[in-house]
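Understanding the architecture of this molecule
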Amino acid sequence: MTDVLLPGTIVHPHGLAFLELGERLRQRGQFAAAAAVALAGLGHYPAVADAHDLLGRIRADQGDDAGAVSAWRAALECDPAHIGARKGLAFVAFRARDFPAAERNLEIAAMRAPHDATVLAALDRIRALRPSSIADETPRLADSMTGTLLYDLQGMRLTGGAGDEAAADTLAAEGAGLSRETARAARLLDLGEVRYLAIETPSAMIAMLPVTTETSLILHRPAATPIGRLLAQAEHAAQAARHWLEQMR
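Residues numbered from 1 in each chain as written. Predicted model: local features only at pLDDT ≥ 70, side-chain atom pairs only at ≥ 80, totals over all residues. Heavy atoms only, no water.

**What about the sheet that holds strand β1 (residues 148-152)?**
The sheet built from five strands is open, its strands ordered β2-β1-β5-β4-β3 with antiparallel pairing. For this open sheet the edge positions go to β2 (157-160) and β3 (197-200), each flanked by a neighbour on one side alone. Going across the sheet, the axis of each strand differs from the next one's by a mean of 15°, ignoring polarity. Relative to strand β4 (residues 204-210), β3 runs antiparallel, the two sharing four bridges. Note on β4: the bridge partner recorded for Ile-199 is Ile-206. (Pairing = 2+ DSSP bridges. Helix = DSSP H or I, 4+ residues; strand = E, 2+ residues; numbered from the N terminus. Axes fitted to C-alpha atoms, helices over the stretch in contact; angles between N-to-C directions.)

**Comments concerning helix α7 (residues 117-128)**
Spanning twelve residues, α7 covers 16 Å between terminal C-alpha atoms, matching the ideal 16 Å at 1.5 Å per step. Of the positions making up α7, those classed as buried are Val-119, Leu-120, Leu-123, Ile-126 and Arg-127. Along the axis of α7, the buried residues cluster in a sector spanning 120°; they form a single face. (Expected span 1.5 Å × (residues − 1). Buried < 20%, exposed > 50% of the residue type's maximum accessible area, 1.4 Å probe, protein only. Arc of directions from axis to C-beta.)

**Remarks on a nonpolar patch on the surface**
On the surface, Leu-188, Leu-189 and Leu-191 cluster together to form a nonpolar patch covering roughly 360 Å² of accessible area. Among the secondary structure elements, Leu-188 is positioned in helix α9 (residues 165-188). (Patch = residues over 30% accessible without salt bridge, like charges linked within 9 Å, V, L, I, M, F, W, Y side chains within 5 Å. Areas by Shrake-Rupley, 256 points an atom, 1.4 Å probe, with all protein chains shown as cover. Salt bridge = Lys/Arg side-chain N within 4 Å of Asp/Glu carboxyl O.)

**Topic: the nonpolar core**
Of all hydrophobic cores here, the largest spans 16 residues; its most connected members are Leu-150, Ala-207, Leu-209, Val-211, Leu-217 and Leu-219. Of all the secondary-structure elements, those providing two or more residues to this core are β4, β5 (215-222) and α10 (227-248). It is α10 that contributes the most residues to this core, eight residues altogether. When sequence neighbours within four positions are dropped, the list of residues in contact with Ala-207 reads Leu-197, Leu-217, Ile-218, Leu-219, Leu-230, Leu-231 and Ala-234. (Core = buried A, V, L, I, M, F, W, Y, C linked by side-chain atoms within 4.5 Å. Contact = heavy atoms within 4.5 Å.)

The structure is reproduced here in structure tokens:
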């Protein structure tokens, strides 16, 4: 196969090799050629979600958002768990400044791929551009019914809680100790920086993650909560906590 398509070239994909060729052409800015490859491939493999995803990325690069959305929806029909399609739909929504739709698609992607750093980073960016949602979340940190607890690494509860104040203070102290031990274990095992700690129990799902270098957060949710949603909510709460801490300075 060749990387250059001349006008009138007929593409005969060998297996799924057209996916790589189409992507390389797209990255080189040869969008018309890339689209021809993708469409020819889809003629042979209409049920391959990655082929629809490739066409969606090409259409988005061409500025054809409607065509991109159509391609990504087709990808989801082939594979409802396709992360690339969800990212693509979020991108188009973001470009249209439809931040709620972008956030919904990224949250679904996070549920499907809870360890995908690009998805979590994109969620952070979307939420940072929605100050109203952060402002709405900030007062809830002080509400013990939210299951959110913010504490410093000395074990002092800053706001939020779980149950009565005594229980919340105890949890803050224990959380600080666990945060220190987790960081120590990661250093000893050369695992790098700890981004979060997820704990699954028969009665609850718990996420712990750093907010700043001096503070951390515990998020408590029902046991049926999917881990992707747990982590997405934890990241959202951490963003709100940073905003709250800045206001308190």
